[in-house]
Amino acid sequence: MADKISKRCCKIMEMLMEAPGGLRGEDIAGRLEVSSRTVRSDIRKLQEVLSSYKSEIVATPNRGYRLENRDGHEALMALMTYASARTNLDNRNENRRYLMFRFLEAALCDRSVTQLDLADEMYMSLSSVKSYLSDFRTIVSEYSLDITQYKNEGLRLQGEEAALRRLIVDHIREAKDEKLGELIYSELSRKEINNLISQVMEECNLQLTDVARENLCLNLALSLHRSAGGHFDVCSSSMAHKMASSFEFSIAKELANKIFTSKGIDVACNEVFYITQCLLTSKKLVPPMEDNAWEEPLVRLVDEILRAVKANFGLDFMEDQYLREGLTLHLRIAIAQVNFRVGIRNVLLDSIKKDYPLAFRLGVLAAKVVREREQVHFNESEPDCGCYAQDTG
């Protein structure tokens with residue numbers, strides 16, 4: 001039972017122990033910077049725990065709450081010490097996860113979040129909520145998002161639609177948040193979307209791994225959910241022109257047509273390009289071998305990289321077909337990721353730099369060639385250098 005006591009409940013108990021004459025609920029709320037409703041909720045929770053310690057909190061008119069303890073303060077102090085230690089152990093990470101959930105839930109439901117509601121839900125003071133919100137701003141800023149006041153309703157995430165979608169997808173994949181997943185699959189169920197993907201993959205003679213299929217399914221559901229609420233991804237005309245000639249665009253159109261013909265949902269053009277972007281930044285979708293026109297520019301780029309490696313390091317990989325294929329695939333994905341500002345973490349990067357310095361230097365050279373020829377800018381700390389290094393290593 002002791003591990004059910006929050007840090008704020010411990011503080012209320014401490015305040016009552018120091019005020020044998022009693023404290024009014026309004027005074028407790030003021031000192032903790034929470035609402036009276038929150039104090040009443042905390043008192044009810046404390047009553048459940050204190051019943052095992054021959055103690056109770058009595059509410060009396062004009063005097064407020066008073067602690068009646070028949071077991072001695074020592075037992076209660078031991079209870080508070082234990083509960084506080086348990087509460088603080090994972091409290092900060094849990095609160096951060098809860099903030100992420102609440103703001104993403106609000107975004108998916110087109111609602112705002114108030115600091116007062118957060119204080120009540122998280123059982124903490126407004127000043128503590130503000131501290132956590134400051135940390136949370138730092139997290140979402142990595143996606144070029146911010147937390148801003150929306151009219152007079154409360155706080156919302158603000159930024160580009162594509163950035164918000166990346167945050168939602170990353171959070172659901174990492175935290176495996178089922179409740180948010182249920183919200184996203186509002187237009188079509190997971191099963192329905194998976195069936196549509198299977199039909200298109202079979203008709204186009206393509207295969208997807210389980211991970212790639214789940215990623216595509218999630219992004220399709222998110223696209224349908226957000227566009228149904230009037231939130232569309234923005235695609236510039238120049239980028240649309242580039243994507244329209246890609247193999248992935250033809251697959252995205254087939255998926256959109258299948259959704260319309262079988263479910264009656266007309267997918268917006270911008271969302272077809274969003275689906276194309278998702279396919280372009282996936283390493284698991286490869287066009288049929290007989291249609292290799294899509295990779296000719298990349299093959300020439302790989303040739304330039306390998307010639308630069310030979311000229312600068314005296315290493316000749318020109319006839320290494322396995323390496324050429326790996327570089328072609330990585331270049332195709334990496335360039336798309338930079339174009340769409342999709343940040344993919346390479347957890348092996350530090351290890352590569354430390355254990356395979358030559359391979360990393362080759363990767364840096366490859367990134368330089370790409371930058372000069374394609375105007376796609378990487379730097380040495382970006383994951384793509386590590387990808388090239390993995391291939392050349």
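Read on for a plain summary of the structure.

Rules used throughout
Residues numbered from 1 in each chain as written. Predicted model: local features only at pLDDT ≥ 70, side-chain atom pairs only at ≥ 80, totals over all residues. Heavy atoms only, no water. Helix = DSSP H or I, 4+ residues; strand = E, 2+ residues; numbered from the N terminus. Buried < 20%, exposed > 50% of the residue type's maximum accessible area, 1.4 Å probe, protein only. Pairing = 2+ DSSP bridges. Phe/Tyr/Trp six-rings, centres within 6.5 Å; stacked < 30°, edge-to-face > 60°. Lys NZ or Arg CZ within 6 Å of the ring centre and 35° of its normal. Expected span 1.5 Å × (residues − 1).

Considering unusual backbone geometry
Residue E33 is not a glycine yet carries a positive backbone phi of 60°. Residue position: E33 is located in the loop between α2 (25-32) and α3 (36-50). Unlike most non-glycine residues, D110 shows phi in positive territory, near 55°. Within the fold, D110 resides in the loop between α4 (73-108) and α5 (115-122). With a relative accessible area of 35%, D110 lands in the partly exposed category.

Let's talk about the pairing of strand β4 (residues 154-158)
The buried fraction of β4 amounts to 4 of the 5 residues, a majority that puts the element mostly inside the structure. Across 5 bridges, the pairing between strand β3 (residues 146-150) and β4 is antiparallel. Of the residues in β4, the one forming a bridge with Y150 is G154.

What to know about the packing of aromatic side chains
In the structure shown here, the tally under the stated rule is 3 aromatic pairs. Measuring from ring centre to ring centre gives 5.0 Å for F249 and F273, while their planes differ by 15°; the resulting arrangement is stacked. Of this pair, F249 sits in helix α12 (residues 247-263) while F273 sits in helix α13 (residues 269-280), placing them 24 residues apart in sequence. Classification of F273 as buried rests on a relative accessible area of 14%. When the ring centre of Y150 is taken as origin, the NZ or CZ atom of R156, which lies over that ring, is 3.8 Å away. Its end group placed over the ring of Y274, R165 keeps NZ or CZ at 4.5 Å from the ring centre.

Looking at helix α1 (residues 7-18)
In this model, α1 (12 residues) spans 17 Å end to end at C-alpha, consistent with the 16 Å of a helix rising 1.5 Å per residue. By the burial criterion, the buried members of α1 are R8, C9, C10, I12, M13, M15, L16 and M17.

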